[in-house]
Amino acid sequence: MKLQRKNGLRATALGALAVSGALVLTACGSDDNTKPGSGETSKASSNIKCDDAKGKLLASGSSAQKNAMDLWVKNYMAACTGVEVNYKASSSGEGIVAFNQGTVGFAGSDSALKPEEVEESKKICKTGQGINLPMVGGPIAIGYNVPGVDKLNLDAATLAKIFNNKIKKWNDPAIAALNEGTKLPDTAIQAFHRSEDSGTTQNLGKYLAATAAKDWPYEPEKKWPAPGGQAASGSAGVAAQVKQAEGSIGYFELSYATSQSIPTVNIATGAAAPVEATSENASKAIAAAKVKGTGKDLALDLDYATKADGAYPIVLVTYEVVCDSGNKADTLGTVKSFLTYTASDEGQKVLTEAGYAPIPAEINAKVRETVAGLK
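This structure is a prediction, so every number in the text was calculated from the model and none was measured.

Novice: Please clarify how the overall build of the protein chain should be interpreted in this entry.
Specialist: Across its full length, the protein chain carries 14 helices and 12 strands. Taken across its 375 residues, the protein chain has 56% of its residues classed as buried.

Novice: Explain the state of the cysteines to me, please; I cannot follow it from the model alone.
Specialist: What we call a disulfide is simply a covalent bond connecting the sulfur atoms of a pair of cysteines. Within the structure shown, the criterion is met by two disulfides. What pairs with Cys-50 in a disulfide is Cys-80, and their sulfur atoms sit 2.0 Å apart. Note on the Cys-50 and Cys-80 pair: the S-S dihedral is about -95 degrees, so by sign convention the disulfide is left-handed. Taken together, the positions of Cys-50 in the loop between α2 (38–45) and β1 (56–61) and Cys-80 in the loop between α3 (66–79) and β2 (84–89) put the pair 30 residues apart, joining distant regions of the chain. Residue Cys-125 pairs covalently with Cys-323 via a disulfide, S to S 1.9 Å. Every disulfide takes its handedness from the sign of the S-S torsion; for Cys-125 and Cys-323 that torsion is -75 degrees, giving left-handed. Residue Cys-125 is located in the loop between α5 (115–121) and β4 (130–145), and its partner Cys-323 is located in strand β12 (residues 315–323); the two are separated by 198 residues in the primary sequence. Taken individually, Cys-125 and Cys-323 each receive the classification buried, so the pair is uniform in this respect. Should the bonded cysteines of the protein chain be numbered as they appear in the sequence, the pairing reads 1-2, 3-4.

Novice: When you look at the packing of aromatic side chains in this model, what are you seeing that I'm missing?
Specialist: What characterises a pair of aromatic rings is the spacing of the ring centres plus the angle enclosed by the ring planes. Evaluation of the coordinates by the stated rule reveals seven aromatic pairs. With a centroid separation of 6.0 Å and an interplanar angle of 80 degrees, the aromatic rings of Phe-163 and Tyr-251 are classed as edge-to-face. Of this pair, Phe-163 sits in helix α6 (residues 156–163) while Tyr-251 sits in strand β8 (residues 248–253), and the two are 88 residues apart along the sequence. For Phe-163, a relative accessible area of 3% translates into the label buried. In this structure an aromatic cluster arises from ring pairing among Phe-163, Trp-216, Tyr-218, Trp-224 and Tyr-251.

Novice: Would you mind going over the nonpolar core with me for this structure?
Specialist: What tends to happen in soluble globular proteins is that the nonpolar side chains get buried as a cluster. Core analysis: the biggest nonpolar cluster contains 52 residues, and Ile-142, Leu-152, Leu-159, Ile-175, Tyr-207, Ile-249 and Ile-314 have the highest contact counts within it. Of all the elements in the fold, those that place two or more residues in this core are β4, α6, α8 (199–211), β8, α11 (279–286) and β12. A total of five residues in this core trace back to one element, the largest contributor, which is α6. If we ignore the near neighbours within four places in the chain, the residues touching Ile-142 are Leu-159, Leu-204, Ile-249, Gly-250, Tyr-251, Pro-263, Thr-264, Val-265, Ile-267, Tyr-312 and Ile-314.

Novice: It is not clear to me how helix α13 (residues 345–353) should be interpreted in this structure. Could you clarify?
Specialist: Residue pairs three or four apart in sequence face the same way in an α-helix, which turns once every 3.6 residues. Those residues of α13 not exposed but buried are Gly-347, Gln-348, Val-350 and Leu-351. Mapping the buried residues of α13 onto a view down its axis gives an arc of 145 degrees, with all of them on the same face. Downstream of α13 by a residue or two, Gly-355 has a phi angle that is positive, lying close to 90 degrees.

Novice: Can you help me understand the pattern of salt bridges in this one?
Specialist: A side chain with one charge can pair with a side chain of the opposite charge if their charged atoms come near. For the structure on display, the rule yields seven salt bridges. Put simply, Glu-221 and Lys-114 hold a salt bridge, and the shortest N to O gap is 3.5 Å. Of this pair, Glu-221 sits in the loop between α8 and β7 (230–232) while Lys-114 sits in the loop between β3 (106–109) and α5, and the two are 107 residues apart along the sequence. In this structure Glu-221 comes out as partly exposed when scored by relative accessible area, which is 37%.

Novice: Can you help me understand the sheet that holds β7 in this one?
Specialist: Taken together, eight strands build an open sheet; the order of strands is β2-β1-β3-β12-β4-β8-β6-β7 and the sheet is mixed. In this open sheet, the two strands that pair with only one neighbour each are β2 and β7. Strand after strand, the sheet turns through a mean of 25 degrees between neighbouring axes, direction not considered. By the bridge criterion, three bridges tie β3 to β12 in an arrangement that is antiparallel. Residue pairing for β12: Ala-107 is matched across the bridge by Val-321. Against the sheet, α6 contacts β4, β6 (190–194) and β8, and its axis sits at roughly 110 degrees relative to β8.

Novice: Explanation requested: the pairing of β1 in the structure shown.
Specialist: Each regular strand carries side chains that alternate between the two faces of the sheet. Along β1, five of the six residues are buried, which leaves the element largely enclosed by surrounding structure. Bridge count between β1 and β2: six bridges; the pairing is parallel. Looking at the pairing, Gly-61 lines up with Ala-89 of β2.

Novice: What's the story with the side chain of Thr-200 in this structure? I'm lost.
Specialist: Within the element layout of this structure, Thr-200 appears in helix α8. With residues near it in sequence (within four places) discarded, Thr-200 still touches Ala-64, Asp-110, Ile-140, Arg-194, Ser-235, Tyr-251, Glu-253 and Leu-316.

Thresholds applied
- Residues numbered from 1 in each chain as written.
- Predicted model: local features only at pLDDT ≥ 70, side-chain atom pairs only at ≥ 80, totals over all residues.
- Heavy atoms only, no water.
- Helix = DSSP H or I, 4+ residues; strand = E, 2+ residues; numbered from the N terminus.
- Buried < 20%, exposed > 50% of the residue type's maximum accessible area, 1.4 Å probe, protein only.
- Disulfide = S-S within 2.5 Å.
- Phe/Tyr/Trp six-rings, centres within 6.5 Å; stacked < 30°, edge-to-face > 60°.
- Core = buried A, V, L, I, M, F, W, Y, C linked by side-chain atoms within 4.5 Å.
- Contact = heavy atoms within 4.5 Å.
- Arc of directions from axis to C-beta.
- Salt bridge = Lys/Arg side-chain N within 4 Å of Asp/Glu carboxyl O.
- Pairing = 2+ DSSP bridges.
- Axes fitted to C-alpha atoms, helices over the stretch in contact; angles between N-to-C directions.

In structure tokens form, the structure reads like this:
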């Protein structure tokens, strides 16, 4: 199939924003939540193949994978001099819009493309369509700020009631029953959620809908559905609010909790013991995922209701959304080269060190094969 030719599409306001607002991710980024050693970068960069990479590549979307992208871009640009990769961490919804507007080479999304979004992508992928490539896994941590409470257990029903504005005090009997021996304060709960459409929100909703439907009567969507609570922008914004507000609780990727020393909730799933939010425990849940996409699409089906010992159930997988065919000639080489690195053993190893979970080997092998065949 032929590559999509450059066209004369008018630059939209969104396109201009994506270009002007995209940040060049470097080792000196002011929002870098990870601190790899200097030796790590050179080692990780040593096997990167730049191939036909050239010029500037714009990408945007999921803020869940921002800390992984920071490391990937840093390592990649150190190896491929003269190539610039700009990833704008906004939200999954914004990333897909930008992709279907044709303003980015790929998008990051914590939820697979909907059928209507796939159909829309065919206008940009002239000879193909948008597909989902699982690249980053990890736990959605439930961070909290309750002085004097160093360990906190919650189950799905209690968590649903907190975020649904039904449980309003930290010493509520439902919370106390899950934390025997812990002195819980008579403090009001401040629940924070994402203000914009978010794949992280949708994945949390999938977990609550699968495990506490009675207390969470909402369809899992990217837009926050429940009444009450307070909104903040991006995972970074929610984490920042939880960090500073006593009595607060919120959800964000584990790397945001680790970098800011925010304690996280252990989830009581029905397993032998409540499960801590760690990369290893998230990997146990993600390892059971099955590919539900067809053809070159590798969208996954996750088991949010797992009760396996040590399997942390609130997980997400971030997809890189690309055209399977019909990519722009001036960015195709860089897209393939960069995603080849992120899916490589070296690229996936970076994830564990940054608080994420690598994609299971069997699925990742399919990702590599698909990336190699992009046209």
